[in-house]
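Coordinates in review
Listed here are the chains, written in short residue letters.
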Amino acid sequence: MAQWVKICSVGEAPKPNQVVEAEVDGIGVCLANINGELSAMDNWCPHRRGPLGQGWIEGEAVICPWHSWAFNTKTGKADYPEHEKVDVFPLRVEGEDVLIDVA
Ligand code: FES
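Residues numbered from 1 in each chain as written. Predicted model: local features only at pLDDT ≥ 70, side-chain atom pairs only at ≥ 80, totals over all residues. Heavy atoms only, no water.

What follows concerns the sheet that holds strand β4 (residues 37-42). What the four strands build is an open sheet, ordered β2-β3-β4-β8; its pairing is antiparallel. Each end of this open sheet is capped by a strand with a single partner; those strands are β2 (19-24) and β8 (88-89). (Pairing = 2+ DSSP bridges. Helix = DSSP H or I, 4+ residues; strand = E, 2+ residues; numbered from the N terminus.)

Read from one edge to the other, the open sheet built from three strands follows the order β1-β10-β9, with strand pairing classed as antiparallel. Two strands close off the open sheet at either side, each with one partner strand: β1 (4-9) and β9 (91-94). Ignoring which end each strand starts from, the neighbouring axes of this sheet average 35° apart. As judged from the four bridges shared by β9 and strand β10 (residues 97-101), these two strands associate in the antiparallel manner. Within β10, the residue paired with Leu91 across the bridge is Ile100. (Axes fitted to C-alpha atoms, helices over the stretch in contact; angles between N-to-C directions.)

This part takes up the pattern of salt bridges. In this structure the tally under the stated criterion is three salt bridges. Across the pair Lys74 and Glu60 runs a salt bridge, and its minimum N-O distance is 3.5 Å. With Lys74 in the loop between β7 (70-72) and β8 and Glu60 in the loop between β5 (56-58) and β6 (61-63), this residue pair connects regions lying 14 residues apart in the sequence. Owing to a relative accessible area of 42%, Glu60 belongs among the partly exposed residues under this scheme. Note that Arg92 is salt-bridged to Glu94, the shortest N-O span being 2.7 Å. Since its relative accessible area comes to 43%, Glu94 is described here as partly exposed. (Salt bridge = Lys/Arg side-chain N within 4 Å of Asp/Glu carboxyl O. Buried < 20%, exposed > 50% of the residue type's maximum accessible area, 1.4 Å probe, protein only.)

For strand β3 (residues 27-34), the tally of buried residues reaches seven of eight residues, placing the bulk of the element in the interior. As defined by bridge partners, β2 adjoins β3 across six bridges and the pair is classed as antiparallel. Across the sheet, the residue bridging to Val24 is Ile27, located in β3. Where β2 folds back on β3, the antiparallel hairpin that results is connected by two residues, among which Asp25 adopts a positive phi of roughly 50°.

A word on the side chain of Thr73. Tracing the backbone shows Thr73 in the loop between β7 and β8. With a relative accessible area of 5%, Thr73 lands in the buried category. Dropping the residues within four chain positions of it, Thr73 is found in contact with Ala32, Ile34, Ser39, Met41, Glu60, Ala61, Val62 and Val88. (Contact = heavy atoms within 4.5 Å.)

Encoded structure:
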């Protein structure tokens with residue numbers, strides 16, 4: 001069952017082609033804006049738990065700031081190594097609130 005929680009307001013969300021770290025219900029979230037479209041994924045890189053929200057955007061991917069693994073913001077899949085992946089949280093904007101489903 002879905003569990004939607006507010007992660008930030010629209011005004012606090014990252015601007016186009018920026019990425020930030022956030023936390024909601026004790027869950028670290030990497031919040032990214034790709035050309036105006038927000039997405040949310042697990043903040044912790046599966047390599048050595050680098051903070052993805054401190055990384056940067058390249059194309060449709062967030063790049064881990066520690067060793068540059070790249071994770072697609074829609075699928076969570078790494079470009080390399082191919083089998084690696086982070087969880088992607090469903091996200092929606094409701095009025096002035098940005099919500100993610102942490103279920
Ligand atoms: S910790 Fe992310 S690439 Fe190494």
